[in-house]
Amino acid sequence: MVDPRHATRTKKEAPADEAGALFRPDDPKFYGRRKGKRLKSTRARLIDELLPKLHIPAPAEGETLDLAALFGEEKRAYQLEVGFGNGEHLVAQAEAHPDVGFIGAEPFINGVGALLMQIEEKGLTNIRVFTDDVRLLLPAIPPRSLERVWVLFPDPWPKARHARRRFVNVAVLDVLAELMRDGAELRVASDDKVYVRWSLIQATNHPLFRWTAEKPEDWRQRWPDGFPTRYEAKQIRGAPHYMTFRLVGRGD
Ligand SMILES: C[S@@+](CC[C@H](N)C(=O)[O-])C[C@H]1O[C@@H](n2cnc3c(N)ncnc32)[C@H](O)[C@@H]1O
């Protein structure tokens, strides 16, 4: 695996600014799967009965979410997990931090069903769910409201021609920087060396994010307060890398 401290762009990789805007007029799609196997009856029931209580509807243009109203009370802090997959990490975090409101975004409906099963089983009340591309939700999240953003094993899109599909990109970082509190963390995990290098280039070139690693253990070991994910356990593409980018230097 590459030592991420020596991340440099190779000729085959697209430059950072090719990542473009949050949505480009010519490239506005979510590229992942939205549906897998037919939903089992429990998951289908939960999607009908529980999801409407936890679901964040697609925001109207210019709308800003009232987070206290969303969670039914003011929470100590708010965190966002992008692409929660089957939701095991989101559930573990929500269980460990009942005073935090967690927003999870995942367009894959089978994963949403898996999350709902765990929410019901554990009786969790501090998770709300957006079942579409999180980029549609970001503009509605109040400025400076997030203390942490998790992006765990995002789809790697390793081919250079697909680089702009990678979630960690300049446009997303610009928006996240607006939504994060001073000192808040963006935590990104990936087992794909192209994605690791790409993320480091994107974030370390960004004036408002600083990579916090000081020694190899800082990226080789999962965060002490993190939890394993289903994808991570498979170690499909190589050893996982864990990157923390702190929001710094807003200077106002
Ligand atoms: C490789 S899976 C990893 C899932 C989970 N984080 C894990 O580690 O097991 C990446 C997930 O990100 C989701 N995803 C991709 N793009 C997304 C987006 N723009 N908004 C929300 N979720 C997204 C996909 O649907 C997929 O479930």
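Keep in mind that what you see is a predicted model, and the values were worked out from it rather than measured. (Residues numbered from 1 in each chain as written. Predicted model: local features only at pLDDT ≥ 70, side-chain atom pairs only at ≥ 80, totals over all residues. Heavy atoms only, no water.)

1. Examining the UniProt feature "binding site: S-adenosyl-L-methionine" (unreviewed entry) in the protein chain
- The UniProt feature table records "binding site: S-adenosyl-L-methionine" (unreviewed entry) at E81, E106, D133 and D155. Across 75 residues of sequence, these annotated residues stay compact in space, with a maximum C-alpha separation of 14.1 Å.
- Within the fold, E81 resides in strand β1 (residues 77–82).
- Residues within four places of E81 in sequence aside, it is in contact with H89, L90, I103, G104, A105, W150 and L152.
- Separated by 3.4 Å, the side chain of E81 and the backbone nitrogen of L90 make a polar contact.
- Summarising the element assignment, D155 is placed in the loop between β4 (146–152) and α6 (170–179). (UniProt positions renumbered as here; feature names shortened; annotations may be inferred. Helix = DSSP H or I, 4+ residues; strand = E, 2+ residues; numbered from the N terminus. Contact = heavy atoms within 4.5 Å. Polar contact = N/O pair within 3.5 Å; in protein donor to acceptor, adjacent residues only side chain to side chain.)

2. Quick word on the site of the ligand
- As a structural note, the neighbourhood of the ligand is formed by 15 residues, with G83, E106, D133, L152 and T229 the closest of them.
- Taking E106, its side chain carries an N or O atom lying 2.5 Å from an oxygen atom of the ligand.
- Contact between the ligand and D133: a nitrogen atom at 2.9 Å from a side-chain N or O atom of the residue.
- A class-by-class count of the residues in the shell around the ligand yields 8 nonpolar, 3 polar and 4 charged. (Near = heavy atom within 4 Å. Nonpolar A, V, L, I, M, F, W, Y, C, P; charged D, E, K, R; others polar.)

3. Observations regarding helix α4 (residues 88–96)
- Every buried residue of α4 is accounted for by H89, L90, V91, A92, Q93 and A94.
- Looking at the buried side of α4, the elements it contacts are β1, β2 (100–105), α5 (109–122), β3 (127–130) and β4. (Buried < 20%, exposed > 50% of the residue type's maximum accessible area, 1.4 Å probe, protein only.)

4. As for the UniProt feature "binding site: substrate" (unreviewed entry) in the protein chain
- Under the feature "binding site: substrate" (unreviewed entry), the UniProt entry names K159, D191, T229, R230, Y231 and E232.
- Tracing the backbone through its elements, the reader meets R230 in helix α9 (residues 230–234).
- Of the residues examined, R230 reaches a relative accessible area of 47% and is grouped as partly exposed.
- For R230, the residues in contact, after removing those within four places along its chain, are N86 and E88.
- Locating E232 in the fold gives a position in helix α9.
- Those residues within four positions of E232 in sequence are excluded, and the remaining contacts are F153, R222, F227, P240 and Y242.

5. Overview of the side chain of E185
- Mapped onto the elements, E185 comes out in strand β5 (residues 180–190).
- Here R187 takes part through its side chain, which lies 2.8 Å from a polar atom of the side chain of E185.
- Once residues lying within four places of it in the same chain are set aside, the contact partners of E185 are E147, R148, V149, M180, T244, F245 and R246.

6. Observations concerning the side chain of R148
- Relative to the assigned elements, R148 resides in strand β4.
- With sequence-adjacent residues up to four places away left out, R148 is seen in contact with Y78, Q79, L80, E185, R187 and D225.

7. Re the nonpolar core
- L80, V149, M180, L186, F209 and F245 are the most contacted members of the largest nonpolar core, which has 42 residues in total.
- A per-element tally of this core places α6 first, with 5 residues.
- If near-sequence neighbours (up to four positions away) are discounted, M180 is found in contact with R144, L146, V149, E185, L186, F209, L247 and R250.
- Judged by nonpolar contacts, the second largest core, of 20 residues, contains L50, F102, L116 and L124. (Core = buried A, V, L, I, M, F, W, Y, C linked by side-chain atoms within 4.5 Å.)

8. A word on the pairing of β2
- With respect to burial, β2 is a largely interior element, 6 of its 6 residues being buried.
- Side chains V100, F102 and G104 project from β2 onto one buried face, and the interleaved G101, I103 and A105 project onto a second face that is buried too.
- In this structure, β1 lies alongside β2, joined through 6 bridges in parallel fashion. Within β2, the residue paired with Y78 across the bridge is G101.
- Handedness of the crossover joining β1 and β2 through α4 is recorded here as right-handed.
- Pairing analysis gives 4 bridges linking β2 to β3, with the strands arranged parallel. Directly across from I103, in β3, lies its bridge partner R128.
- Once the chain exits β2 it traverses α5 before rejoining the sheet at β3, and the crossover so formed is right-handed. (Pairing = 2+ DSSP bridges. Right-handed = clockwise from strand over helix to strand, strands pointing away.)

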